[in-house]
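Tertiary structure, described
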Amino acid sequence: MKFSRRLFLEGVAALSIAVSIPAFAQADDFKMGLLVPGSVSEEGWNRIGFNALKGVESQLGAKISYVELQQNPASFEKAFRDYASQGYKVILGHGFEFQDAALEVALDYPDTYFLISSSSIHEGNVIGLNTDTSQPFYLMGVIAAKMGKKAGLVGGMEIPPIQQAFAGFKNGAKSVNPDFPISEAYIGNFTDTTAAKEAALSMISQGADFVVPNASGATVGGYQAIAESGKDVRSFSIFSDFTPVAPDNILGLYVADYAQGVVEVVKSIKDGTPPTENVVFGLKDPKVISFTFRDDGPVSVPAEIRAEVKAISDKIAAGEIKTDGQ
């Protein structure tokens with residue numbers, strides 16, 4: 001499915017900015033702003049963006065600020081303009097949905113760098129930072145096809161980063177069994193935990209015994225459904241550790257230390273050597289992407305499957321396996 005800017009703009013609700021942007025007195029300070037599509041207090045995607053901002057503060061001594069936004073493109077553009085007009089050198093829009101607003105504002109502020117998470121763009125001072133989530137999801141798909149009977153994928157909105165992750169899962173599963181059944185559903189937002197839970201429960205009722213939710217703040221609802229369905233339903237924790245939510249079900253963790261990746265990119269900008277193309281983190285970057293197994297749950301991934309997954313992971317890192325199928 002081709003992502004339509006028009007459809008995205010028409011499909012989101014108009015809500016206002018949640019946090020005001022403070023002005024700093026010294027114009028020569030190196031300052032970085034962050035825009036997140038939700039609350040940084042929730043585990044998952046938004047917290048990762050906040051951790052990245054704090055990493056820039058602690059490691060590079062930057063003045064920082066952030067705003068929490070709902071899915072409203074008009075507020076995205078306003079927040080970008082507010083930061084840029086106050087002399088912020090770097091502004092991170094933490095999600096693909098910020099890309100169009102950044103492109104609009106960047107023309108007026110050529111000395112500000114607009115970083116966009118989950119984006120492959122590189123146009124002037126707008127630079128995409130894209131963690132290739134299809135790679136770790138490919139490994140999850142391999143495991144699901146080897147250990148399960150049917151998988152379910154619960155997404156937030158049908159946007160490229162989530163589509164990419166799910167494509168990786170499906171390609172990994174199909175590499176083991178071309179006929180492995182996989183259900184896929186999107187709840188249409190990133191906040192409705194009840195919708196994510198209901199979608200996961202529906203899949204489980206139809207025989208899915210391996211379910212992965214990927215819906216930012218709503219993700220926890222999927223894990224709640226998995227936990228309530230018993231230990232025969234398995235999953236992997238993504239982005240943050242959801243093991244406390246589903247301790248009997250999660251086989252391992254995919255964690256992206258996106259914070260450190262962002263720090264390195266911002267450092268290059270501060271040093272006067274910004275990236276000359278979009279930045280893609282993958283399994284070749286062990287400091288950024290971690291894929292680990294659990295040994296303390298009632299069910300674990302057998303040693304022989306772990307060895308196979310390790311060999312596949314090495315091939316992906318070396319570029320020998322393309323996980324997104326494109």
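Residue positions are given per chain, counting from 1 as you read along its sequence in written order. In keeping with the model being predicted, local features are shown solely for residues with a pLDDT of at least 70 and side-chain atom pairs are shown and tallied solely at 80 or more, while totals for entire chains, interfaces and linings include all residues. With hydrogens and water stripped out, all remaining heavy atoms of the structure feed into the side-chain values.

**Considering the overall build of the protein**
Helix and strand definitions follow DSSP, with helices as H or I runs of at least four residues and strands as E runs of at least two, each counted in order from the N terminus. Within the protein, the regular secondary structure consists of 10 helices and 13 strands. If you line up the protein on its principal axes, its C-alpha atoms span 60 × 40 × 35 Å. For the protein, the residues scored as buried account for 54% of the 326 residues in total. The contact rule is simple, with two residues in contact once any of their heavy atoms fall within 4.5 Å. Summarising the internal contacts of the protein: among those between residues at least 6 apart in sequence, 69% fall at separations of at least 24. Counted charges follow a simple rule, with Lys and Arg positive, Asp and Glu negative, and His plus the chain ends left uncounted. Charge positions come from single atoms, namely NZ of Lys, CZ of Arg, CG of Asp or CD of Glu. Separation of charge centres in the protein, based on 27 positive and 38 negative side chains, amounts to 2 Å. Burial classes: relative accessible area under 20% of the type maximum marks a residue as buried, over 50% as exposed, and values in between as partly exposed (1.4 Å probe, protein chains only).

**Focus on the pattern of salt bridges**
Take a side-chain nitrogen of Lys or Arg and a carboxyl oxygen of Asp or Glu: if they are within 4 Å of each other, that pair is a salt bridge. If you walk through the whole model with that rule in mind, you get 13 salt bridges. Glu308 is the salt-bridge partner of Lys146, the closest N and O atoms lying 2.8 Å from each other. In this pair, Lys146 is assigned in helix H5 (residues 134–147) and Glu308 in helix H10 (residues 303–317), connecting sequence segments 162 residues apart. Take Glu308: its relative accessible area is 35%, and that puts it in the partly exposed class. In this structure, the salt-bridge partner of Asp285 is Lys284, at a minimum N-O distance of 2.9 Å. Salt bridges linked by common partners bring Glu77, Arg81 and Asp108 together as one network.

**A word on H10**
A helix is expected to reach a length of 1.5 Å times the quantity of its residues less one. Its 15 residues place the ends of H10 21 Å apart at the C-alpha level, agreeing with the 21 Å of an ideal helix rising 1.5 Å per residue. Among the residues of H10, those classed as buried are Ile305, Val309, Ile312, Ser313 and Ile316. Within H10, the buried residues cover an arc of 105° as seen down the axis, which keeps them to one side. Of the residues in H10, the exposed ones pointing more than 90 degrees away from the buried face are Ala303 and Glu304. Where H10 is buried, its residues contact H5 and strand E13 (289–293). Backbone geometry just after H10 places Gly319 at a positive phi near 85°. Read the arc as the range of directions from the helix axis to the C-beta atoms.

**Some details on the packing of H5 against H10**
Between N-to-C directions, angles span 0 to 180 degrees; the directions come from axes that are lines fitted to C-alpha atoms, helices contributing only their stretch in contact. Running from N to C, H5 and H10 cross one another at 150°; their axes reach a closest spacing of 10 Å. When the axis of H5 is compared with that of H10, the two are roughly antiparallel. For H5 against H10, the interelement crossing comes out right-handed. Only Ile305, Glu308, Val309, Ile312, Ser313 and Ile316 of H10 make contact with H5, whose side of the interface consists of Gln135, Tyr138, Leu139, Val142, Ile143, Lys146 and Met147. When the residues that make up the contact of H5 with H10 are grouped by side-chain class, the tally is nine nonpolar, two polar and two charged. Here the word oblique covers every angle except those under 35 degrees (roughly parallel), over 145 (roughly antiparallel) and from 65 to 115 (roughly perpendicular). By convention, the crossing between two helices is left-handed when the near helix turns anticlockwise from the far helix through less than a right angle, and right-handed when the turn is clockwise. Ten residues, namely Ala, Val, Leu, Ile, Met, Phe, Trp, Tyr, Cys and Pro, are considered nonpolar, four, namely Asp, Glu, Lys and Arg, are considered charged, and the remaining ones, Gly among them, are considered polar.

**Some thoughts on the packing of aromatic side chains**
Aromatic rings from Phe, Tyr and Trp, taking only the six-membered ring of Trp, are treated as a pair when their centres fall within 6.5 Å; an angle between ring planes under 30 degrees marks them as stacked, one over 60 as edge-to-face, and anything in between as tilted. Across all of its chains, the model carries 18 aromatic pairs by this definition. Ring centres of Phe80 and Phe98 lie 6.3 Å apart, and the angle between their planes is 85°; this geometry places the pair in the edge-to-face category. Of the two residues, Phe80 is situated in helix H3 (residues 73–85) and Phe98 in the loop between strand E3 (90–93) and helix H4 (99–106); the sequence distance between them amounts to 18 residues. Overall, the relative accessible area of 0% leaves Phe80 in the buried class. Centre to centre, the rings of Phe169 and Phe210 are 6.1 Å apart; their planes meet at 45°, and the pair counts as tilted. Taken together, the residues span a long stretch of sequence, with Phe169 in helix H6 (residues 160–176) and Phe210 in strand E9 (residues 210–214) at a distance of 41 residues.

**Quick notes on the sheet that holds strand E8 (residues 182–186)**
Strand pairing requires that DSSP identify at least two bridges connecting the strands. Judged by pairing direction, the sheet is parallel, and its three strands sit side by side in the order E8-E7-E9 without closing on themselves. Looking along the sheet, the strands with just one partner apiece sit at the ends: E8 and E9. With direction set aside, neighbouring strand axes in the sheet form an average angle of 10°. As judged from the five bridges shared by strand E7 (residues 151–155) and E8, these two strands associate in the parallel manner. Pairing of Gly152 across the sheet is with Ser183, part of E8. Together, E7, E8 and E9 form the strand contacts of helix H7 (residues 193–205), whose direction differs from that of E7 by roughly 165°.

**Section: the packing of H7 against helix H8 (residues 219–228)**
The relative placement of two packed helices is expressed as an angle between their axes plus a distance between the axes. In the contact formed by H7 and H8, the axes pass within 7 Å of each other and the chain directions differ by 40°. Comparing the axis directions of H7 and H8 gives the class oblique. Along this stretch, H7 crosses H8, giving a crossing that reads as right-handed. Between H7 and H8, the contacting residues are Thr193, Ala196, Lys197, Ala200, Leu201 and Ile204 on the first element and Val220, Gly221, Gly222, Gln224, Ala225, Ile226 and Glu228 on the second.

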